[in-house]
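Each chain, letter by letter, is given below.
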Amino acid sequence: MTSVRLNPLDSAWLFTESRATPNHVGGLLQFRLPEGAPKDYMRQLMIEFRDHREFTAPWNRRLKYAFNKNPMPVWIEDDDIDLEYHVRHAALPWPGSERELGELVGRLQSTPLDLSRPPWECTLIEGLEGDRFALFIKMHHSLIDGVSGMKLLQRAMSPDREKSRKLPPFWAAGLPRPTRAHDDNPLPTVANAAAMAVDALRGQARTVPQLVVAFGRMLKGLGSGEGMVVPFTSPQSVLNGRVREKRRFATQQFPMERLRNLARAAECTLNDVVLAICGGALRRFLEERGDLPAKSLTTGIPVSVRPADDDRGGNAITFIIATLGTDIADARERLAAIRESVRRAKEHVQSLPKQAMLQYTVLLMAPTILTLLTGIGGRTRPMFNITISNVPGPDQPLYFRGAELVAIYPASIVTHGQALNITCESYAGAMNFGFTGCHSSLPSMQRLAVYATEALEELEAAVMPPPKPARKSPRKAAPGTAAKTAKKAVPPKKAPTRPSRRKAPPT
């Protein structure tokens, strides 16, 4: 039996697990039923799922806790997996709407995983309007992060509809190697930023002077509005208190071309537009509750940057903090503030040598990791108010058992001090927003999804000029009909009549 020992970061997700803060991530995958699908399509799919007893890593791994000098637990292969526990079936009252689906996913996301089993669950959901069904799959963060999990799920799908009918379920289409292997192009996620931060602890002390200079630049202009956003200067808000176990989940989807057009018109990045949509939605949501701080909310953003001394053109993941402009009423000015804040933060990090950048990431991530380990989150001033991640996904349509995948919505972790998480993933020409929040801290959180639409419309009205009305070209009459048309349209004028002059009769 093979075993894989957890690294310190993955172990931290286990040690900080609690009923109020379960550390699992998830993905909501929505599908459209194949054309001409039989009425028992979902029933047959469920039967096939539970009959497939072959497993690949990481879906066949469960935890074994060490009782020796090394306290880190290990993953071992489980040969006796109860699929009736891991694969479940749920149905919405037909026709189920997005709101009802979000409520169900919120309940599923609220329940901790059984860590004595392989830590994942799959729920098949039917009853959605528009001939759709969904899969909600959640997995513990110590087993795999959400983005890597989504990549594994895509291995059970195909861009070819007919080929997709012969593919096994996702738990049989995993990887035969450890899923935490080195990736030359890691995606910008919180997990990857934290992993690189832990690796950077092996760096040498020669980077200390560079770090002093880096943080000196960060503090320059503090209080004048000219410097970067500094950690722990964020305002207190309802997003940053203690959380309870119940979760809310909401979704929103926008065409990528619509967002790209806005980015081109505003001369900014696609990620700037995403942040401005979130900032506008949060401003209205908190303003209606009477909880909008006078100072702008800030966001922690995992980003991919290239260090100053990286001649190979490789990627590196770090973590930056930027404003969301929630103190600015004008949408155009809010986007400009976000664009400038992100630009300053990226340029600051990119100016560092690679080793200094990694240790810089350590210092930024350390308080977050510390609050998780000590449980003091939500009792101190927040380092930043909310985490917003934007991850690229598949750019072509995928199929699963003949059904087209129409949307991917990430569900993420909510912790003490971070009652809301927004994660976006692009897929086949659309940007999908997943809002995960604490049920008690954020009542009516589903309104954020609605306000995101209104925030995008507000940005478009402020940045993009309205289209000019098309000029109507005069119709050309067919040959030989002009005269007739003119006679019908404009009747000929009658000549004015003059009074007749009669001669007076002779007297």
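Residues numbered from 1 in each chain as written. Predicted model: local features only at pLDDT ≥ 70, side-chain atom pairs only at ≥ 80, totals over all residues. Heavy atoms only, no water.

A. Seen up close, the pattern of salt bridges. Counted according to the given criterion, the structure contains 19 salt bridges. Residue Arg165 pairs with Glu162 through a salt bridge whose shortest N-O separation is 3.2 Å. Here the residues in one salt-bridge network are Arg284, Glu288, Arg447 and Glu454, joined through shared partners. (Salt bridge = Lys/Arg side-chain N within 4 Å of Asp/Glu carboxyl O.)

B. Here's a closer look at the packing of aromatic side chains. Evaluation of the coordinates by the stated rule reveals 13 aromatic pairs. Geometrically, the ring pair formed by Tyr41 and Phe133 is tilted, given 6.0 Å between the ring centres and 55° between the ring planes. Of this pair, Tyr41 sits in helix H2 (residues 41-51) while Phe133 is found in strand E7 (residues 132-140), placing the two residues 92 residues apart along the sequence. Taking the relative accessible area as the measure of exposure, Tyr41 reaches 12% and is therefore buried. Taking the relative accessible area as the measure of exposure, Phe133 reaches 1% and is therefore buried. Note on Trp120 and Trp171: the rings are 5.8 Å apart at their centroids and 20° apart in plane angle, and the pair reads as stacked. Remark: Trp171 occurs in the loop between helix H6 (161-164) and helix H7 (190-200) and Trp120 occurs in strand E6 (residues 120-128); sequence separation between them is 51 residues. Exposure class is identical for Trp120 and Trp171. Each is buried. What links up through ring pairs into an aromatic cluster is the set Phe31, Tyr41, Phe49, Trp59, Trp120, Phe133, Phe170, Trp171 and Phe400. Over the aromatic face of Tyr85 sits the side chain of Arg88, whose NZ or CZ is 4.6 Å from the ring centroid. Here Arg117 stacks its cationic end above the ring of Tyr85, 4.1 Å away from the centre of that ring. (Phe/Tyr/Trp six-rings, centres within 6.5 Å; stacked < 30°, edge-to-face > 60°. Helix = DSSP H or I, 4+ residues; strand = E, 2+ residues; numbered from the N terminus. Buried < 20%, exposed > 50% of the residue type's maximum accessible area, 1.4 Å probe, protein only. Lys NZ or Arg CZ within 6 Å of the ring centre and 35° of its normal.)

C. How the structure looks around the sheet that holds strand E2 (residues 24-32). In spatial order, the strands read E5-E6-E7-E2-E13-E12; together these 6 strands make up an open sheet with mixed pairing. Of all strands in the sheet, those with a lone pairing partner are strand E5 (87-96) and strand E12 (399-400), marking the two edges. In the sheet, E2 pairs with E7 via 9 bridges, with the strands oriented antiparallel. For Leu28, the partnering residue across the bridge sits in E7 and is Phe136. (Pairing = 2+ DSSP bridges.)

D. Region of interest: the nonpolar core. With 60 residues, the main nonpolar core has Ile277, Leu282, Leu420, Ile422, Phe433, Phe435 and Leu448 as its most contacted residues. Here the element with the most residues in this core is helix H10 (residues 270-289); it accounts for 10 residues. Apart from the residues lying within four places of it in its own chain, the contact partners of Phe435 are Arg248, Phe249, Ala250, Thr251, Gln252, Asn421, Ile422, Met445, Leu448, Ala449 and Ala452. With 45 residues, the next largest nonpolar core counts Leu29, Val87, Leu124 and Phe400 among its residues. (Core = buried A, V, L, I, M, F, W, Y, C linked by side-chain atoms within 4.5 Å. Contact = heavy atoms within 4.5 Å.)

E. Representation of helix H5 (residues 146-154). Where H5 is concerned, the buried positions are Val147, Gly149, Met150, Leu152 and Leu153. Where H5 is buried, its residues contact E2, E7, strand E11 (386-391), strand E13 (403-411) and strand E14 (420-427).

F. Region of the structure containing H10. For H10, which comprises 20 residues, the first-to-last C-alpha distance of 29 Å matches the rise-based estimate of 28 Å (1.5 Å per residue) to within 8%. The buried count for H10 comes to 15 of 20 residues, which makes it a mostly enclosed element. Trailing H10 by a residue or two, Gly290 shows a phi angle of about 75°, which is positive. (Expected span 1.5 Å × (residues − 1).)

G. Geometry of the pairing of E2. Of all 9 residues in E2, 8 are buried; the element is thus mostly enclosed. With 7 bridges connecting them, E2 and E13 associate as antiparallel partners. Looking across to E13, one finds that Gln30 is bridged to Ala407.

H. Spatial organisation of a negative patch on the surface. Taken together, Glu77, Asp79, Asp80, Asp82 and Glu84 make up a surface patch of like negative charges. Along the polypeptide, Asp82 turns up in the loop between strand E4 (74-77) and helix H3 (83-86). (Patch = residues over 30% accessible without salt bridge, like charges linked within 9 Å, V, L, I, M, F, W, Y side chains within 5 Å. Areas by Shrake-Rupley, 256 points an atom, 1.4 Å probe, with all protein chains shown as cover. Lys, Arg positive; Asp, Glu negative; His and termini not counted. Charge placed at Lys NZ, Arg CZ, Asp CG, Glu CD.)

I. Representation of the packing of helix H9 (residues 256-266) against H10 in the model. Where H9 contacts H10, the two axes come as close as 9 Å, and the packing angle between them is 100°. By the criterion of interaxial angle, the relationship of H9 to H10 is roughly perpendicular. Contacts from Met256, Leu259, Arg260, Leu262 and Ala263 of H9 reach H10 at Leu270, Val273 and Ile277. When its residues are assigned to classes, the contact of H9 with H10 shows 7 nonpolar, no polar and 1 charged. (Axes fitted to C-alpha atoms, helices over the stretch in contact; angles between N-to-C directions. Parallel < 35°, antiparallel > 145°, perpendicular 65-115°, else oblique. Nonpolar A, V, L, I, M, F, W, Y, C, P; charged D, E, K, R; others polar.)

J. Up close: the packing of helix H11 (residues 331-350) against helix H13 (residues 447-463). Packing of H11 against H13 brings their axes to within 8 Å, and their N-to-C directions diverge by 95°. Classed by the angle they form, the pair H11 and H13 counts as roughly perpendicular. Across the interface between the two elements, Ala331, Arg332, Arg334 and Leu335 from H11 touch Glu458, Leu459, Ala462 and Val463 from H13.

K. Examining the sheet that holds E4 more closely. Taken in spatial order, the 3 strands line up as E1-E4-E3 in an open sheet, and their pairing is antiparallel. At either margin of the open sheet sits one strand with a lone partner, and together these are strand E1 (3-5) and strand E3 (61-64). For this sheet, the mean inter-axis angle between neighbouring strands, taken without regard to orientation, is 30°. By the bridge criterion, 3 bridges tie E1 to E4 in an arrangement that is antiparallel. In the strand pairing of E4, Ser3 is matched with Ile76.

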